[in-house]
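Observations on the model geometry
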Amino acid sequence: MIIFLGIAGSGKTQQSKLLANQFNFDRISVGELLRQVTDPSIKEQMIKGDLIDDDVAISVVGKAIKNIPKHTEFIIDGFPRTLQEAIWASSQEQHDIRVIHLLLSPSIAIERLKLRNRADDNKEAIDKRIIEYNELIKPILEIFKSKGVMIYDIDGSKNIESVHHQIVSAIN
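About the criteria used
Residues numbered from 1 in each chain as written. Predicted model: local features only at pLDDT ≥ 70, side-chain atom pairs only at ≥ 80, totals over all residues. Heavy atoms only, no water. Buried < 20%, exposed > 50% of the residue type's maximum accessible area, 1.4 Å probe, protein only. Helix = DSSP H or I, 4+ residues; strand = E, 2+ residues; numbered from the N terminus. Pairing = 2+ DSSP bridges. Core = buried A, V, L, I, M, F, W, Y, C linked by side-chain atoms within 4.5 Å. Contact = heavy atoms within 4.5 Å. 1 Å grid on protein atoms, 1.4 Å probe; cavity = no way out; pocket = protein on both sides within 12 Å on 5 of 7 lines; lining within 4 Å. Points joined across faces, edges and corners; volume = space filled by probe spheres on them. Nonpolar A, V, L, I, M, F, W, Y, C, P; charged D, E, K, R; others polar. Phe/Tyr/Trp six-rings, centres within 6.5 Å; stacked < 30°, edge-to-face > 60°.

A closer look at the pairing of strand S4 (residues 98-103)
- Judged by how many residues are buried, S4 sits mostly within the fold: five of six residues are covered.
- As judged from the five bridges shared by strand S1 (residues 2-6) and S4, these two strands associate in the parallel manner. Bridging across to S4, Ile2 finds its partner in Arg98.
- With six bridges joining them, S4 and strand S5 (residues 150-155) adopt parallel strand pairing. Each bridged residue has a counterpart across the sheet, and for Leu103 the counterpart in S5 is Asp155.

Below you can see the structure in the form of structure tokens.
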């Protein structure tokens, strides 16, 4: 299981798709799965930039990985985003876990997010997601480190090809 973490706009989705395509890995995008949920309260939470309840996010991911065979490599994009989700993810011992942490300054992230066209990329939601990321990423990474998970810090400010090359080099 390769987990992609990073500030909103760091390229998690782009890079996870490239890696999945190159190595034929299954890819689970939690954001994409949650955007398909029909519950209006969840949609409203996402548009506001609020974190989705841990139980909902864990349930969505749990269902998505349930049928993936033991020790089969796959990618998770955009999960975990809270400590409870990180504790759950780090306990999935049937899968070897590695974390790709895409590093990017908030100013570059904001510029990138302004170029996207998603309902949840409004100023209020972006600001909220950046604050949450800054508050939660260190404790989330510490949970994985405490379990002996390899964490690869990747410079997400480079061009798409350069970032992809860094990721491939790190996981090989």
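Still to come is the rest of the account.
Focus: the nonpolar core
- Counting 38 residues, the largest nonpolar core has Ile3, Leu5, Ile76, Phe79, Val99 and Phe144 as its most contacted members.
- Those elements that provide at least two residues to this core are S1, helix H2 (30-35), helix H3 (40-48), helix H4 (54-65), strand S3 (74-77), helix H5 (83-90), helix H6 (106-115) and helix H7 (123-146).
- The element that contributes the greatest number of residues to this core is H7, accounting for nine residues.
- Excluding residues that lie within four positions of it along the chain, Phe79 makes contacts with Ile3, Phe4, Leu5, Val30, Ala57, Ile58, Val61, Glu85, Trp88 and Ala89.
- Counting residues in each nonpolar core, the second largest holds 15 residues, with Ile100, Val163, Ala170 and Ile171 among its members.

Structural notes on the layout of surface pockets
- Within this model, the largest pocket holds a volume of roughly 960 Å³.
- Breaking the lining of the largest pocket down by element, the ones donating at least two residues are S1, helix H1 (12-23), H2, H6, H7 and helix H8 (160-171).
- Looking at which element gives the most residues to the lining of the largest pocket, the answer is H7, with six residues.
- Split into classes, the residues belonging to the lining of the largest pocket amount to 20 nonpolar, 13 polar and 14 charged.

Topic: the packing of aromatic side chains
- Going through the model one piece at a time under the given rule, you end up with two aromatic pairs.
- Relative to Phe25, the ring of Phe23 lies with its centre 5.5 Å away and its plane at 20°, an arrangement referred to as stacked.
- Relative accessible area serves as the criterion here: at 30%, Phe23 is assigned to the partly exposed category.

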